[in-house]
Amino acid sequence: MTGGDVAALQRRLVEFAAARDWQPYHTPKNLAAALSVEASELLEIFQWLTPEQAERVMDEPESAHQVADEVADVLAYLLQFCAVLGVDPLVALAAKIDRNEVRFPVRRRGGEGGEGARTGDRHSSE
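Here the structure is a predicted model, which means the values were calculated and not measured.

The rules behind the values
- Residues numbered from 1 in each chain as written.
- Predicted model: local features only at pLDDT ≥ 70, side-chain atom pairs only at ≥ 80, totals over all residues.
- Heavy atoms only, no water.
- Helix = DSSP H or I, 4+ residues; strand = E, 2+ residues; numbered from the N terminus.
- Buried < 20%, exposed > 50% of the residue type's maximum accessible area, 1.4 Å probe, protein only.
- Contact = heavy atoms within 4.5 Å.
- Phe/Tyr/Trp six-rings, centres within 6.5 Å; stacked < 30°, edge-to-face > 60°.
- Lys NZ or Arg CZ within 6 Å of the ring centre and 35° of its normal.
- Axes fitted to C-alpha atoms, helices over the stretch in contact; angles between N-to-C directions.
- Parallel < 35°, antiparallel > 145°, perpendicular 65-115°, else oblique.
- Left-handed = near helix turned anticlockwise from the far one by under 90°.
- Nonpolar A, V, L, I, M, F, W, Y, C, P; charged D, E, K, R; others polar.

Brief notes about the overall build of the protein
- Helices and strands together make up the secondary structure of the protein, namely five helices and zero strands.
- Reading the helices (α) and strands (β) of the protein from amino to carboxyl end gives α-α-α-α-α.
- Within the span of the protein, comprising 126 residues, buried residues form 18% of the whole.
- Within the protein, residue pairs in contact and separated by at least 24 positions form 54% of the contacts whose partners lie at least 6 positions apart.

See the structure below:
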């Protein structure tokens with residue numbers, strides 16, 4: 001399977017949990033905590049790497065596999081979290097990008113108040 005669309009993967013995750021009677025445990029709080037843990041496990045792969053080593057992490061089969069597994073875990077918990085709360089993750093992301101385009105207008109490099117002049121301009125997910 002190449003991945004499929006987000007809604008199909010979300011349904012598959014919901015069905016997987018339902019078949020195992022995991023719904024009582026899939027509360028927003030528990031899923032948010034699990035998402036945080038999995039994101040931390042992704043970070044752990046990069047914890048002591050130099051920036052150069054981090055850029056090459058996908059060159060090694062073992063570390064590439066670890067990264068892909070942790071990305072899958074993070075996405076799985078995020079999709080399950082969204083399913084429980086009725087959030088469409090693609091709609092939420094599109095809306096956030098729209099807000100950020102207004103909040104962080106494009107600036108010319110090298111000019112007055114150049115790109116990244118304000119500390120908040122470096123983080124698109126704020």
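Comments concerning the packing of aromatic side chains
- Under the defined criterion, the tally for this structure stands at one aromatic pair.
- Their ring planes at 70° and their centres at 5.5 Å tell us that F16 and W22 sit as a pair that is edge-to-face.
- Directly above the aromatic system of F16 lies the positively charged group of R20, at a separation of 3.5 Å from the ring centroid.

A word on the packing of helix α2 (residues 28-46) against helix α4 (residues 61-85)
- Where α2 contacts α4, the two axes come as close as 9 Å, and the packing angle between them is 160°. By the angle class used here, α2 and α4 are roughly antiparallel. Crossing hand, α2 versus α4: left-handed. Facing α2, whose interface residues are P28, L31, A32, A34, L35, E38, A39, E41, L42, I45 and F46, α4 presents Q66, V67, E70, V71, D73, V74, Y77, L78, Q80, F81, V84 and L85.

A closer look at the packing of helix α1 (residues 6-19) against α4
- Two elements in contact, α1 and α4, have axes separated by 9 Å at closest approach and are oriented at 85°. Here α1 is positioned roughly perpendicular relative to α4, judged by the angle of their axes. For the pair formed by α1 and α4, the contact residues are V6, L9, Q10, L13, V14 and A17 on the first element and A76, L79, Q80, C82 and A83 on the second.
- When the residues that make up the contact of α1 with α4 are grouped by side-chain class, the tally is nine nonpolar, two polar and no charged.

On their own, these measurements won't tell you what the molecule is for.
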